Structures are given as C-alpha cells and as structure tokens.
Amino acid sequence: MDLYGALRPLIFRLDPETAHNLAFWLGERACSWPWLPTPEHPAALHRTTFGLTFPTPLGLAAGLDKGATLLPLWKALGFGHVEIGTVTPRPQPGNPKPRLFRFPEAGLILNRMGFNSEGADVVATRLRTRPAGLIVGGNLGKNKETPERLALDDYRAAYRLIAPQVDYIALNVSSPNTPGLRNLQAPEALKPLLEGMLDLRKDMGLEHQPLLLKLAPDLAPEDLDAIVEVAVASGITGLIATNTTLDRGVVAEPLRTRVEAKGAGGLSGLPLKAKARAVRQRLLGALRGRLPLVACGGLGSAEDVREALDDGAALAQIYSALIFEGPALVSRINRAG
Ligand SMILES: Cc1cc2nc3c(=O)[nH]c(=O)nc-3n(C[C@H](O)[C@H](O)[C@H](O)COP(=O)(O)O)c2cc1C
C-alpha cells in the first residue's frame, strides 16, 4: 500500500473541504521543495493535438486547482496538462457550505461549489510564475450575479486577463451549479458566445491559441449533434466532454437515496463513466474527425483512459479518481501508456 492508501481512512474522516484545504496547504509547501521530481515522459506518450504537444495525454480536469496554486506539484506527479479554474472575472465566494460530499464506497463525488474563485486578476498574476514543461489551460466561467444575457461580457473579461498567461482556454458552459449557465449550450445562445470569443481572440492576436468548449453529459443526442455543427462552423478548436451530471439515475439504490438527501449538485466519478462515454461516442461520431475531443468524466484507471483514447479522444482528464486513488494513479496511468 502507498502512503496515500495508508492515510486514506484518516483523510476520509475529515470534512471533504477541510481535507481539500489541508491537502492544498501541504501541496503549497511541497511546491517549493528542491527535490520535487521532474518526470520524463517517453516519446511514445507524447500527443500533438490542437497545435500543442502534450508530454502525456493525461491531464488534471478543471475544478481542483481553481487558482493555479499547485502547478509544480501537478507536473511532478506526472500530469501533462492542468486545466486551472473555473476562473470568474470578479472574485466570488461560491455557494454556502457544505457543498462537497464524497461517497468513497462508490467512487462518487457530489459538489455544488458554485465557482468559488479568487477572480481573474489574482489568478492571472499567479500564472506569471508558472513552471515550464507543463501545459496549462484556463477554464473560464461567468459570475453568479451576471445575467445570462450579459454572459459574453464576463467570459471576455476573464479571457482578457487569463488567455495571455495560458496555453489554451476552455469555456465552461456546463457547470450545473451556476443558475442558467447550461442554457448557453443551446445553439442560439452558443453561436454568439463562440463568435464573440473568437473575435476577441483575434483582436488580442491570439488566433493560434486553442479555444475549447466544455459540455455537460445531460444533453440529448440530437442536442449534441446540433452543438457539434455550431462548434465546427464557428471555428473553435475542440470540445471537452464531460462535466458533472445532474442525473441521480446514474447511482443505484440504496446509495441513491443517500445522495439525494445531500441536495443539489453535480455528480462525478465512477457512476458517471457510462453516461460520459455515451456522450463522447455520440460527439465523436458527429465530429467525424473535424475537431479533437478531450475525454473527461468517470475515468478511474489506466484501462478507462486507454478506452477513451481508443474511442478517438485526443487527450483524457481526471478529477474524482485522483481523490479516491491518490497521486500514484497518475504514474500508473502513464506507465500503462
Ligand atoms: C469538486 C469539484 C469541482 C469541480 N469544479 C469544476 C469547475 O470549476 N469547472 C469545471 O469545468 N469543472 C469542474 N468540475 C468537473 C470536473 O472537471 C470533471 O468534468 C468532472 O468531475 C468529471 O470528471 P471525473 O469523473 O474524473 O471527476 C468539478 C468537479 C468536482 C468533483
């Protein structure tokens, strides 16, 4: 058993957000250790997609390092890329606590964090000292109090600050914890949003920087097809699928009743696997290779990551499995190639 395995029962006895804060406190100290390893990824693991060469296809999904505070540590663990954020243009506290729940027996997380963010200014400043050799994506969202009709202004405000400091941008229109956000996935709302962002990208001289769109797993197959056509026609660079699900049907009884008792929020981890895969397969079929897709959602092992890449995904991201399996999961997945 590794160190994380030994400490797991203790960690899981703590309130989830306390455990998260403790891990980040320790992680921040570890980031300044001179003996932090620098993994060398063999050439066979390298992936070139959307104009960037990733040292390994495995990345850390958005939402864990919202403020880009632990980048040297993620690199040392062996991630090829990290998606920081979601970053909102102005700072906001997120939803009241408790807002994060773990169900270790099922490898399941329920969260309604609601974009707790230090704001784009603070995060952009921190990114100026980011480590080399790690690809960093900036995941952007809107502030809670911004009305839906002004969403584009928020994404643009965050983009202006974050885009110059990162390698790619992901537009998050799929978090279930900001009221109305997912409505931006409707083609009539998506089209002006993507056009507005691409105009800004051009104005800032960042035409070559990838712009991705992160989607929810709760869309009907025909909606996914329609989104693909809007995305391809707009000229954005790729898709990330998926975010967390609102569908409690992915959890079987008796756990489902316990999950429902915790209230609102998005589900992630193993119970999301089949649903996220079905969405990805539908998207890949509709894309027909026209844009690359980053797989995310319920990936819990080297086999899961392999399956997602074999399905046709360009890269894969994990979040929940890292919490349950611990940091050694990253090198296990990388070693399996
Ligand atoms: C606690 C928590 C917070 C998250 N916050 C964000 C976020 O801010 N932005 C985002 O795009 N996705 C966020 N996600 C979603 C993850 O990036 C990922 O899409 C989802 O968890 C599915 O992957 P997984 O099953 O490997 O966890 C969050 C997930 C969790 C568990």
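Residues numbered from 1 in each chain as written. Predicted model: local features only at pLDDT ≥ 70, side-chain atom pairs only at ≥ 80, totals over all residues. Heavy atoms only, no water.

Q: Requested: an account of the sheet that holds strand β12 (residues 293–296), with residues and values cited.
A: Strand order in the closed barrel made by the eight strands is β3-β4-β7-β8-β9-β10-β12-β13, with parallel pairing throughout. When strand polarity is set aside, the average angle formed by the axes of neighbouring strands in this sheet is 25°. (Pairing = 2+ DSSP bridges. Helix = DSSP H or I, 4+ residues; strand = E, 2+ residues; numbered from the N terminus. Axes fitted to C-alpha atoms, helices over the stretch in contact; angles between N-to-C directions.)

Q: An account of the packing of aromatic side chains is requested, with residue identities and associated values reported.
A: The tally for this structure, following the rule as stated, stands at six aromatic pairs. Considering the side-chain rings of W33 and W35, the 5.4 Å spacing of their centres and the 25° angle between planes classify their relative orientation as stacked. Taken together, the ring pairs in this structure connect F24, W74 and F79 into an aromatic cluster. One residue, R8, lies across the ring of F12, its end atom 5.0 Å from the ring centre. In this structure, R102 is placed above the aromatic ring of F12, and the distance from its NZ or CZ to the ring centre is 4.5 Å. (Phe/Tyr/Trp six-rings, centres within 6.5 Å; stacked < 30°, edge-to-face > 60°. Lys NZ or Arg CZ within 6 Å of the ring centre and 35° of its normal.)

Q: Run through unusual backbone geometry, naming residues and quoting values.
A: Residue T86 follows G85 across a cis peptide bond; omega there is 10°. Assignment of secondary structure puts T86 in strand β4 (residues 81–87). Despite not being glycine, A68 shows a phi value in the positive range, around 60°. The phi dihedral of F115 falls on the positive side, at around 55°, and the residue is not glycine. Mapped onto the elements, F115 comes out in the loop between β6 (108–111) and α4 (120–127).

Q: Tell me about a nonpolar patch on the surface, and please be specific about residues and values.
A: A contiguous nonpolar patch, built from L14, L22, W25 and L26 and spanning about 380 Å² of accessible area, is present on the exposed surface. Note that W25 resides in helix α2 (residues 16–30). W25 gets classed as partly exposed once you look at its relative accessible area, which sits at 48%. (Patch = residues over 30% accessible without salt bridge, like charges linked within 9 Å, V, L, I, M, F, W, Y side chains within 5 Å. Areas by Shrake-Rupley, 256 points an atom, 1.4 Å probe, with all protein chains shown as cover. Salt bridge = Lys/Arg side-chain N within 4 Å of Asp/Glu carboxyl O. Buried < 20%, exposed > 50% of the residue type's maximum accessible area, 1.4 Å probe, protein only.)

Q: Residues and numbers for the pairing of strand β8 (residues 168–172), please.
A: Taken across its five residues, β8 has five buried, putting it largely inside the fold. Burial along β8 is two-sided: the face carrying Y168, A170 and N172 and the face carrying I169 and L171 are both buried. Sheet analysis places strand β7 (residues 135–140) next to β8, joined by four bridges and oriented parallel. Note on β8: the bridge partner recorded for L140 is L171. For the crossover that starts at β7, traverses helix α5 (residues 151–162) and ends in the parallel β8, the hand is right-handed. Note that β8 and strand β9 (residues 211–215) share four bridges and pair parallel. For L171, the partnering residue across the bridge sits in β9 and is L213. Regarding the hand of the β-α-β motif, the stretch spanning β8, helix α6 (residues 187–203) and β9 is right-handed. (Right-handed = clockwise from strand over helix to strand, strands pointing away.)

Q: An account of the environment of A62 is requested, with residue identities and associated values reported.
A: Tracing the chain through its elements places A62 in the loop between β3 (58–60) and α3 (71–77). A C-alpha to C-alpha distance of 25 Å links A62 and P42, two positions 20 residues apart in sequence. With residues up to four places along the chain from it excluded, the contact list for A62 reads E83, G85, N139, K214 and Y319. (Contact = heavy atoms within 4.5 Å.)

Q: Go over the nonpolar core, please, and point to the residues and values.
A: Membership of the largest hydrophobic core comes to 77 residues, with the highest contact counts inside it found for W74, Y155, I162, L213 and L239. Counting residues per element, this core draws most heavily on α6, which supplies six residues. Listed in part, the 13 residues of the second largest apolar core include F50, A61, Y168 and C296. (Core = buried A, V, L, I, M, F, W, Y, C linked by side-chain atoms within 4.5 Å.)

Q: Hey, could you go over the environment of G114 for me, with residue numbers and the actual values?
A: As for its position among the elements, G114 is in the loop between β6 and α4. Under the relative-accessibility criterion, G114 is labelled buried at 6%. C-alpha separation for the pair G114 and P96, spaced 18 residues apart in sequence, amounts to 8.9 Å. If sequence neighbours within four positions are ignored, G114 has contacts with Q92, G94, N95 and N177.

Q: Tell me about the packing of helix α9 (residues 273–287) against helix α10 (residues 302–311), and name the residues and values.
A: Two numbers describe how α9 lies on α10: the axes approach to 10 Å, and their chain directions differ by 20°. Classified by the interaxial angle, the pair formed by α9 and α10 is roughly parallel. Like other packed secondary-structure pairs, α9 and α10 cross with a definite hand, here right-handed. Residue-level contacts link K273, R277, R280, Q281 and L284 of α9 to D304, E307, A308 and D311 of α10. Per-class residue counts for the contact of α9 with α10 are two nonpolar, one polar and six charged. (Parallel < 35°, antiparallel > 145°, perpendicular 65-115°, else oblique. Left-handed = near helix turned anticlockwise from the far one by under 90°. Nonpolar A, V, L, I, M, F, W, Y, C, P; charged D, E, K, R; others polar.)

Q: Talk me through the site of the ligand; I want residue IDs and the actual numbers.
A: Lining the immediate environment of the ligand, one finds 24 residues, of which A62, T86, K214, G298 and S320 sit closest. Note that an oxygen atom of the ligand is positioned 2.9 Å from one of the backbone N or O atoms of G269. Isolated, the ligand exposes 600 Å² of accessible area, and the fraction of that covered by the protein chains is 97%. Of all the elements in the fold, those that place two or more residues in the shell around the ligand are β4, β6 and β11 (266–269). (Near = heavy atom within 4 Å. Polar contact = N/O pair within 3.5 Å; in protein donor to acceptor, adjacent residues only side chain to side chain.)

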